[in-house]
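Summary of structural features
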Amino acid sequence: FFLMIRRPPRSTQSRSSAASDVYKRQIEYMTRKFTITATSRQDENGVETKTKQGIASSHIYAVPDAREVLSRNGPAKILKLRNPWAEFEWKGDWSDESDLWTSSLRKELGVEKKDDGIFWISYQDFFKQFAAFEVCCLNENNLYVDINFTHIEGAYYSMSIKIPVEGYYYFSLNQRDERFFSEEDGYIYSNFALVIARYEEDDLIFVGQTADTIRNIVLEGEFSEGHYLLLIYVTWESKPCPFNLSCYGPETPTMEVEKRESSEILELFQIVMYEKAVKSDNFKHVTLEEEKFPEIIKHEGHDDEFLVFSFENRTKDSEYLQSVTFTTYNGLLFLGDWSDDNHLEVCVPPDSAKTYIFRILDSVGWAYQYTGDWKIYNVESCLLYTSDAADDLLCVDLGGRRIIKKK
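Residues numbered from 1 in each chain as written. Predicted model: local features only at pLDDT ≥ 70, side-chain atom pairs only at ≥ 80, totals over all residues. Heavy atoms only, no water.

**Description of the overall build of the chain**
The following threshold applies: Numbering of helices and strands starts at the N terminus; helices are DSSP runs of H or I of at least 4 residues and strands are runs of E of at least 2. Contacts are residue-level and defined by heavy atoms, with any inter-residue pair within 4.5 Å sufficient. Here, Shrake-Rupley sampling with a 1.4 Å probe gives the accessible areas, and only protein chains in the shown set may cover a residue.
What the chain contains, in helices and strands, is four helices and 26 strands. Within the chain, residue pairs in contact and separated by at least 24 positions form 69% of the contacts whose partners lie at least 6 positions apart. Total accessible area on the chain stands at roughly 21200 Å², and carbon and sulfur atoms take up 47% of it.

As structure tokens, then:
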């Protein structure tokens, strides 16, 4: 079973955290004695070409080792690569000729100044020069099963999965390889997002997610015995094509593609992401308690894949209204129907919650802010509480007139 991972950092700030994440995963795979390779970035012609940096484009390298070391400039995470040509090496930092090496570190890692195709590279430079790394997750006791999505229509798909035995499982969403298409076909990989939730009685509990624009995206981890829901969202970059989902683990789960309407699958996405937003420590959780309304709670946050707004209205008789304006809206896709790319009008009925989900394609191309006053509309008395009047409990009716609430 092959696992492809591509996590190019989208900004200088994210490069360090991305390096740390990839380093941890590679160490884990090496501990399990999995074979790891890395694929360099393509040039404009998509062929293997020797570059002045010492990396061959569109080329596969072996990855035999990774270390965290102390250099002349301080601690660093570095990666050992081997060119199968047995020649032509990286010429930048941590190359054989680099002055970052101390004599003791050279001796410890066996670094020699010779062109044998074996070299070390920092993770920061690795991200610049390489597009992905691949892992052969071979376990002689594991079993493989897959299922094809052949009825392709729209952006939303769902699957029921029943795992019979607790263990470590790999779920891979696989597109058709671009090598099977001619240049005239104009085929390119589409952007897929994969979300898994677990059924617990009447609830759906968020388990994990992954997304990318590559041939295979993989969600892996420990899964307990039970019933799971798998949700897929795809942005078709070329014409829709059949795709495949595979599972590799200690036992073969029961997998069934569900026949649901897109609107129903979107609602399931919202339910699962709401559950994630409420429980995530990485999200902001803000109440209107200072505004005298602790029953209104906003959950907002994002990761590499999704931006999520969840609004809870725990009142029994009032609607909550809020405006969100995107000052820039590049690199975001809204899950659902939305006519205005820059302005989101939130309306949450009494005793309910609403979740708005955006797929992130570029983490630095967008920004948002809350605009205008929040409003709470009392269904029975037709009064509208506004944020600028909350401190003294002034009210505004639907005509915009300011009313003093009787004490």
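**A word on the sheet that holds strand β12 (residues 216–223)**
Test applied: Strands are labelled as partners when DSSP assigns at least two bridges between them. Lines are fitted to the C-alpha atoms to define the axes, a helix being fitted only along its stretch in contact, and any angle between axes, read from their N-to-C directions, falls within 0 to 180 degrees.
Taken in spatial order, the four strands make up an open sheet running β7-β14-β9-β12, and their pairing is antiparallel. Both edges of this open sheet fall to β7 (143–149) and β12, since each of them pairs with a single strand only. Strand-to-strand twist across the sheet, computed as the mean angle between neighbouring axes with direction ignored, equals 15 degrees. Bridge analysis of strand β9 (residues 167–174) against β12 gives eight bridges, and the strand direction is antiparallel. Looking across to β12, one finds that Tyr170 is bridged to Glu220.

**Side note on the sheet that holds strand β11 (residues 203–212)**
The strand order across the open sheet formed by five strands is β11-β10-β13-β8-β15, and the pairing between neighbours is antiparallel. Among the strands making up the open sheet, the edge pair consists of β11 and β15 (254–257). On average, each strand axis in the sheet is tilted by 20 degrees relative to the strand beside it, whichever way the strands run. For strand β8 (residues 156–163) and strand β13 (residues 226–235), the ladder comprises eight bridges, and the chain directions are antiparallel. Across the sheet, Tyr156 pairs through a bridge with Tyr233, a residue of β13. Packed onto the sheet, helix α4 (residues 262–279) meets β8, β10 (191–200), β11 and β13 and runs at close to 100 degrees relative to β11.

**Some words on the pattern of salt bridges**
Spelled out, the test is: Salt bridge criterion: a side-chain nitrogen from Lys or Arg within 4 Å of a carboxyl oxygen from Asp or Glu. Per-residue accessibility, obtained with a 1.4 Å probe over protein chains only, is compared with the maximum for each type, and a residue is labelled buried under 20%, exposed over 50%, and partly exposed between these values.
Applying the stated rule across the entire model yields 13 salt bridges. Among the ionic pairs, Arg67 bridges to Glu108, the shortest N-O distance being 3.9 Å. With Arg67 in strand β3 (residues 60–71) and Glu108 in helix α2 (residues 103–109), this residue pair connects regions lying 41 residues apart in the sequence. The class for Arg67 is partly exposed, based on a relative accessible area of 32%. Where Glu275 meets Lys279, a salt bridge forms, and the shortest distance between an N and an O atom there is 2.7 Å. Of this pair, Glu275 and Lys279 both sit in helix α4, four residues apart, which is roughly one turn of the helix. Judged by relative accessible area, Glu275 falls into the buried class, the value being 11%. By relative accessible area, Lys279 is classed as exposed at 56%.

**Observations concerning the nonpolar core**
Applied cut-off: Within this scheme, the nonpolar core is defined by two criteria: the residues are buried Ala, Val, Leu, Ile, Met, Phe, Trp, Tyr or Cys, and they are joined through side-chain atoms within 4.5 Å.
In this structure, Leu79, Leu81, Phe126 and Phe133 are the most contacted members of the largest nonpolar core, which totals 28 residues. Here the element with the most residues in this core is helix α1 (residues 12–31); it accounts for four residues. Phe149, Leu194, Ile196 and Ile232 belong to the second-largest nonpolar core, a separate cluster that totals 25 residues.

**Quick look at the side chain of Thr210**
Note that Thr210 resides in strand β11. On the accessibility criterion, Thr210 (13% relative accessible area) is buried. Contacts of Thr210, omitting those with residues within four sequence positions, involve Phe192, Ala193, Leu194, Ile217, Val218, Leu219 and Glu305.

**Here we look at the pairing of strand β21 (residues 343–348)**
Of the two faces of β21, the one holding Leu344, Val346 and Val348 is buried and the one holding His343, Glu345 and Cys347 is not buried anywhere. Note that strand β19 (residues 318–329) and β21 share six bridges and pair antiparallel. Counted as the bridge partner of Leu321 is Cys347 from β21.

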